[in-house]
Amino acid sequence: MSVHREETKTASMLQANFQEVVPALKPKEAIDEANRCLFCYDAPCIKACPTSIDIPSFIKKIATGNLLGSARTIMEANPVGASCARVCPTEELCEGACVLNHASKPIMIGLLQRHATDWAIKNQKILFHAGEQNGKRVAIVGGGPAGLSAARELARLGYEVTVFEAREKAGGLNTYGIVSFRLPQEVALWEVEQIEQMGVTIKTGTRVGVDVTPEELLQSFEAVLLAAGMGAVPMLNIEGEDLIGVLDAISLVEDTKTKPLTDLMLGKKVVVIGAGNTAIDGATASKRLGAQLVQILYRRTEKEMTCYEFEYEFAKQDGVEFRWLVAPTRIIGENGRVTGIELMRMELGEPDAKGRRRPEPVPGSEFVMEVDFVVKAIGQTRHVDLIEMFGLQHKNGIVEIEEGTYRTSHPRVYAAGDVIFGGGKTDAMVVDAANHGKRAAHAIHTALEAKSQPVL
């Protein structure tokens, strides 16, 4: 009985660790905060939002008690606006541009956006309806933020839209790849439902290139939008990578969102390789799974890390430690399981193509750390095979598009989201993907409308 009681206690603790960290605003708090807004005429917060949400308008609606109108204003501009309310780096975008930064403190735009969209979720509001059918069909490969945003726009323009999603559920990164204590899965799935109720068909568990060919899509649809996102974490290509206890951060986070939480890491020592947003999620998830010690290992310094500032601060508050200028050389094991990791100290040399100083190994500086788990978070692979199945021009898996049209080298194939992002200092934001999906949808509409016009 005592063992069962202890297991129940542990399970409850883990469940509590994965509840949302940031509390929602209470109704009066939301109204009070909304009334702080100056409702600027030429609002810089709108310009700072990649999807150009009319922020003063949605905040004013909160102030006057019109939460349905507020939620509709948000989601009109950003079809994944409920997720973005939680995961956007608002201090770098809308809140960072708020004029009140110079007088007091910025309006809590992210929390107000969450307040309105949470109300819509709780009250099961349907925000949008499909436009009158125009007889044209568009296929979308990938049901993540870019694909869903495009699907919503195209449905409103009257297109019959089919989304082909390889996973069991749509939503992409929002559904599977961001830790629950920042973005609960039910929020992302509500956004999917908003789009499905418009008549958009989402074929989950369907892999293009396996279950349906690119040729079949091109034969059945007037246009195809490639919005497949990213793949798995690449290999470290070092000795010991096949040992039990070597995980990848994306799979680790996904397991915490789709499977019962376990005490596998309870009291263990964990290292995370990498310093992007996914590394932070892997590290904080490990900490909340009960790991005694979690350290992020990065071959550069704090200055070069690519995660958002708020992610970095959150990880430190969660007790995650950081070790700079170290790189793994091999993973050590015993009886097939990880027991340690060998690292080499690094020093920074000349800047690389992205402007970050290139790390160089310090000869003879190897040392060993005792660890139980190694979590890889060194970026993600790209869907090169899928891109090449469509015969598209690309650079290392980044699809080339015509500026402003999102059209690829194939005249009826367009691309948006992670498949066209690359080369920046940070990973692409969810809000960027949503914006590109919307713009790609309108580019497709413009092209198909022009094609259907009679030649004079």
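Residues numbered from 1 in each chain as written. Predicted model: local features only at pLDDT ≥ 70, side-chain atom pairs only at ≥ 80, totals over all residues. Heavy atoms only, no water.

1. Overview of the domain arrangement of the protein chain
Split into domains, the protein chain comes out as domain 1 (18-123), domain 2 (137-231 + 380-451) and domain 3 (246-376). Between the C-alpha centres of domain 1 and domain 3 there is a distance of 33 Å. Contacts between the two partners involve seven residues from domain 1 and, on the opposite side, nine residues from domain 3. Note on domain 1 versus domain 3: buried area summed over both sides is about 650 Å², and carbon and sulfur give 73% of it. At the junction of domain 1 and domain 3, the tally comes to zero salt bridges. The residue makeup of the side of domain 1 that touches domain 3, split by class, is five nonpolar, no polar and two charged. (Domains from an automatic or database assignment. Contact = heavy atoms within 4.5 Å. Buried area = accessible area lost by both parts, 1.4 Å probe. Salt bridge = Lys/Arg side-chain N within 4 Å of Asp/Glu carboxyl O. Nonpolar A, V, L, I, M, F, W, Y, C, P; charged D, E, K, R; others polar.)

2. Some details on the state of the cysteines
The final tally for this structure, using the stated rule, is zero disulfides. With no disulfide of its own, cysteine 88 lies 4.1 Å from the sulfur of cysteine 84, the closest cysteine sulfur. Using a relative accessible area of 13% as the deciding quantity, one classes cysteine 88 as buried. (Disulfide = S-S within 2.5 Å. Buried < 20%, exposed > 50% of the residue type's maximum accessible area, 1.4 Å probe, protein only.)

3. Considering the nonpolar core
With 68 residues, the main nonpolar core has Leu217, Leu226 and Phe390 as its most contacted residues. Residues within four places of phenylalanine 390 in sequence aside, it is in contact with Val141, Val208, Pro214, Leu217, Val224, Leu226, His410 and Val413. Listed in part, the 31 residues of the second largest apolar core include Leu252, Val272, Cys307 and Tyr312. (Core = buried A, V, L, I, M, F, W, Y, C linked by side-chain atoms within 4.5 Å.)

4. Focus: the pattern of salt bridges
Under the definition given, this model contains 22 salt bridges. The closest approach of N and O atoms between glutamate 241 and lysine 376, which form a salt bridge, is 3.1 Å. Here lysine 376 lies in strand 13 (residues 373-376) and glutamate 241 lies in the loop between strand 4 (223-226) and strand 5 (246-248), a separation of 135 residues in the sequence. Residues glutamate 241 and lysine 376 agree in their burial class; the two are buried. Here glutamate 402 ties to arginine 407 by a salt bridge, and the two come within 3.7 Å at their closest N and O atoms. (Helix = DSSP H or I, 4+ residues; strand = E, 2+ residues; numbered from the N terminus.)

5. Re a negative patch on the surface
The grouping of Glu91, Glu92, Glu302 and Glu309 at the surface amounts to a negative patch. Looking at the secondary structure, you find glutamate 91 in the loop between helix 6 (81-87) and helix 7 (94-97). (Patch = residues over 30% accessible without salt bridge, like charges linked within 9 Å, V, L, I, M, F, W, Y side chains within 5 Å. Areas by Shrake-Rupley, 256 points an atom, 1.4 Å probe, with all protein chains shown as cover. Lys, Arg positive; Asp, Glu negative; His and termini not counted. Charge placed at Lys NZ, Arg CZ, Asp CG, Glu CD.)

6. Considerations on the environment of leucine 112
Along the chain, leucine 112 falls in helix 8 (residues 109-122). Residue classification places leucine 112 among the buried residues on the basis of a relative accessible area of 0%. Placed 126 residues apart in sequence, leucine 112 and isoleucine 238 show a C-alpha to C-alpha distance of 46 Å.

7. Here's the deal with the sheet that holds strand 4
Across the sheet, five strands lie side by side as 3-2-1-4-16; this open sheet has parallel pairing. Strand pairing shows two members of the sheet lacking a second neighbour, strand 3 (201-203) and strand 16 (413-415), which therefore form its edges. Across the sheet, the axes of successive neighbouring strands diverge by a mean angle of 20 degrees, strand direction being ignored. The pairing of strand 2 (residues 160-164) with strand 3 spans three bridges and is parallel. If you follow valine 163 over to strand 3, its bridge partner there is isoleucine 202. Contacting strand 1 (137-141), strand 2, strand 3 and strand 4, helix 9 (residues 145-156) runs over the sheet at an angle of about 170 degrees to strand 1. (Pairing = 2+ DSSP bridges. Axes fitted to C-alpha atoms, helices over the stretch in contact; angles between N-to-C directions.)

8. Side note on the packing of aromatic side chains
Under the defined criterion, the tally for this structure stands at eight aromatic pairs. Taking 6.3 Å as the distance between ring centres and 70 degrees as the angle between the ring planes, the aromatic pair formed by tyrosine 312 and tryptophan 324 counts as edge-to-face. Residue tyrosine 312 is located in helix 15 (residues 309-317), and its partner tryptophan 324 is located in strand 8 (residues 321-324); the two are separated by twelve residues in the primary sequence. A relative accessible area of 6% means that tyrosine 312 is categorised as buried. Of the residues examined, tryptophan 324 reaches a relative accessible area of 26% and is grouped as partly exposed. Taken together through their ring pairs, the aromatic side chains of Tyr298, Tyr312, Phe322 and Trp324 make up a single cluster. A cation over an aromatic ring shows up here: arginine 167 above the ring of tyrosine 176, its NZ or CZ 4.1 Å from the ring centre. The ring of tyrosine 312 is capped by lysine 316, whose NZ or CZ atom sits 4.1 Å from the centre of that ring. (Phe/Tyr/Trp six-rings, centres within 6.5 Å; stacked < 30°, edge-to-face > 60°. Lys NZ or Arg CZ within 6 Å of the ring centre and 35° of its normal.)

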